[in-house]
Amino acid sequence: MMVTNLISSPRLNVTLNPGEYTPISTIGKQIGVAYWCTVWLDVSGGSITITGCPGTFSKSQRIGWTFTATSSNPMSLAYNVVSGSPTVKVRDMVLCELGEYQTNKALLDGLNFFDGDTMPLA
């Protein structure tokens, strides 16, 4: 099975602003479909939470989470400040259906460098 990345420009560096949803894709989601999203998160100057993603983040790292779409809007991200005055950017993004990810999990998780740009784009 092939994995299709629903992020239009996976390698784009996107700056996020606190409390604001920032689009990271132009392709809509299907309501009720389970998705897997992963991004390289760059955080400096504080700690944050990403809406819908478990955990608190204060350093640069790859994060990933699953969710079920409740709207057909394109994927967007928002964060809330936990401490400090953080600067937050995301890059190397992937959004795909959860079933596609699970079928190819061993391959995708085994890649040490994965920017999302090496897979078919929707």
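Keep in mind that what you see is a predicted model, and the values were worked out from it rather than measured.

> Let's hear about the sheet that holds strand 1 (residues 14-16): which residues, and what values?
The strand order 1-6-3-4 describes an open sheet built from four strands, whose pairing is antiparallel. The sheet is open, and its two edges are formed by strand 1 and strand 4 (61-68), each paired on a single side. Direction aside, the axes of adjacent strands within the sheet are offset by 35° on average. As paired elements, strand 3 (residues 34-50) and strand 4 share eight bridges and run antiparallel to each other.

> Could you give me a rundown of the side chain of Lys29, with the residues and numbers involved?
Secondary-structure assignment places Lys29 in the loop between strand 2 (22-28) and strand 3. Although Lys29 lies buried, it forms no salt bridge, and the closest oppositely charged side chain, Glu97, sits 12 Å away as judged by the N-O distance. Of the polar contacts made by the side chain of Lys29, one reaches the backbone oxygen of Asn73; its length is 2.5 Å. If near-sequence neighbours (up to four positions away) are discounted, Lys29 is found in contact with Tyr35, Phe67, Ala69, Ser71, Ser72, Asn73, Pro74 and Met75.

> Residues and numbers for the pattern of salt bridges, please.
Taken as a whole and judged by the stated rule, the model has two salt bridges. As a salt-bridge pair, Arg91 and Asp42 come within 3.3 Å of each other at their nearest N and O atoms. Remark: Asp42 occurs in strand 3 and Arg91 occurs in strand 6 (residues 79-97); sequence separation between them is 49 residues. The exposure class assigned to Arg91 is partly exposed, which follows from its relative accessible area of 26%. Between Asp92 and Arg91 there is a salt bridge; the shortest N-O distance is 3.0 Å. Through salt bridges that share partners, Asp42, Arg91 and Asp92 make up one connected network.

> Help me get a handle on the nonpolar core, residues and values and all.
A general trend in soluble globular proteins is that nonpolar side chains are found buried together. Counting residues in each nonpolar core, the largest one holds 26 residues, and the members touching the most others are Leu41, Ile50, Trp65, Leu77 and Val90. Not counting residues up to four positions away in its chain, the partners in contact with Ile50 are Leu16, Leu41, Phe57, Ile63, Leu77, Ala78 and Tyr79. Of all hydrophobic cores here, the second largest spans seven residues; its members include Val94, Cys96, Leu98 and Leu108.

> Kindly report on the pairing of strand 5 (residues 74-77), identifying the contributing residues and their values.
Judged by which residues are buried, strand 5 turns out to be one-sided: Met75 and Leu77 face inward and are buried, whereas Pro74 and Ser76, on the alternate face, are not. Here three bridges tie strand 2 to strand 5, and the two strands are oriented antiparallel to one another. Bridge pairing in strand 5 links Thr22 to Leu77.

> So what's going on with unusual backbone geometry? Residues and values would help.
Glycine aside, the phi torsion of most residues is negative, and most peptide linkages are trans. At Asp92, a residue that is not glycine, the phi angle is positive and equals roughly 50°. Turning to its location among the elements, Asp92 is positioned in strand 6.

About the cut-offs
Residues numbered from 1 in each chain as written. Predicted model: local features only at pLDDT ≥ 70, side-chain atom pairs only at ≥ 80, totals over all residues. Heavy atoms only, no water. Pairing = 2+ DSSP bridges. Helix = DSSP H or I, 4+ residues; strand = E, 2+ residues; numbered from the N terminus. Axes fitted to C-alpha atoms, helices over the stretch in contact; angles between N-to-C directions. Buried < 20%, exposed > 50% of the residue type's maximum accessible area, 1.4 Å probe, protein only. Lys, Arg positive; Asp, Glu negative; His and termini not counted. Salt bridge = Lys/Arg side-chain N within 4 Å of Asp/Glu carboxyl O. Polar contact = N/O pair within 3.5 Å; in protein donor to acceptor, adjacent residues only side chain to side chain. Contact = heavy atoms within 4.5 Å. Core = buried A, V, L, I, M, F, W, Y, C linked by side-chain atoms within 4.5 Å.

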